[in-house]
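Tertiary structure, described
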Amino acid sequence: NSDTMNYNLSFDLTRKPKDRNVMKWTGLHLRGDQNNAVVVNRTSLGFRDEYALSGRTFAFGQVDYLRDTFKLIDYLVAPTAGVGFKAVDTDATKFSVHGGGGLASEKNPGVDLRTSAALTAGEKLALQLTPTSAVKHAATGLWKANDFSDGLYTFSIGLATKVSERMQLSIDLLDTFKNKPATAATKKNDVAFVTAITAKF
């Protein structure tokens, strides 16, 4: 038998100070212990500011932060900016793509901070299945311009069900892949299932 404990803390805040402007804050902390040994310890934070240029086109600026003990990432900070396009934008279905550039600064244990230009791209889908349930999906990529093989990829897909007017239950599959980790022995890929109850204010 094994003694296992897993938990996660997350938040997702959205603010619209103006009709054409949307600001989003996100955060996720995953922690898992098995037989008194830590097996998962990852924190990600993000801020994104979008401004609509037209009905379907938008500009964005964002800052992403990642700390991952088992990928030997003390911290990775990536401020980027770019443009995006809403390929589908209806009440039932929303699908958008984006691309941009900026910087990526990564600190690994025992190694000096490394900073380089970076490129980013991604896509996001939200599909309303019924009045009370929806499917959500997102995928992103971050590449360092001085070494395109050093890429960080994230993938998520989940199902959300409304429990009440202000609360919903969600189940998400999260996959994080770093093509060039700090050492050859470092694990490249992490997959996690996250169950959460979300309250809307």
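Now for a quick tour of the structure. It should be emphasised that the depicted structure is a prediction, and the values quoted were computed from it without experimental measurement.

1. Brief notes about the nonpolar core
Of all hydrophobic cores here, the largest spans eight residues; its members are Leu66, Ile73, Leu76, Ala78, Ala104, Ala118, Leu142 and Leu152. Per-element accounting of this core gives the leading share, three residues, to strand 5 (residues 73-89). Residues in contact with Leu152, not counting those within four places in the same chain, are Leu66, Leu76, Thr140, Gly141, Leu142, Thr176, Phe177 and Lys178. Ranked by size, the runner-up nonpolar core spans five residues in total, among them Leu28, Leu30, Ala192 and Val194.

2. What about the side chain of His137?
Tracing the backbone through its elements, the reader meets His137 in strand 8 (residues 133-144). Under the relative-accessibility criterion, His137 is labelled buried at 15%. Within the structure, the side chain of His137 is placed 2.7 Å from the side chain of Glu123, a separation counted as a polar contact. Those residues in contact with His137, other than ones at most four positions away along the chain, are Glu123, Lys124, Leu125, Phe155, Ser156 and Ile157.

3. Some points on the layout of surface pockets
A volume near 300 Å³ is recorded for the second largest pocket. Surrounding the second largest pocket, 19 residues form its lining, Asn6, Leu30, Val40, Val191 and Ala192 being those nearest its centre. Secondary structure elements with two or more residues in the lining of the second largest pocket: strand 1 (4-18), strand 2 (21-34), strand 3 (37-52) and strand 11 (189-199). Counting residues per element, the lining of the second largest pocket draws most heavily on strand 11, at six residues.

Cut-offs applied
Residues numbered from 1 in each chain as written. Predicted model: local features only at pLDDT ≥ 70, side-chain atom pairs only at ≥ 80, totals over all residues. Heavy atoms only, no water. Core = buried A, V, L, I, M, F, W, Y, C linked by side-chain atoms within 4.5 Å. Buried < 20%, exposed > 50% of the residue type's maximum accessible area, 1.4 Å probe, protein only. Helix = DSSP H or I, 4+ residues; strand = E, 2+ residues; numbered from the N terminus. Contact = heavy atoms within 4.5 Å. Polar contact = N/O pair within 3.5 Å; in protein donor to acceptor, adjacent residues only side chain to side chain. 1 Å grid on protein atoms, 1.4 Å probe; cavity = no way out; pocket = protein on both sides within 12 Å on 5 of 7 lines; lining within 4 Å. Points joined across faces, edges and corners; volume = space filled by probe spheres on them.

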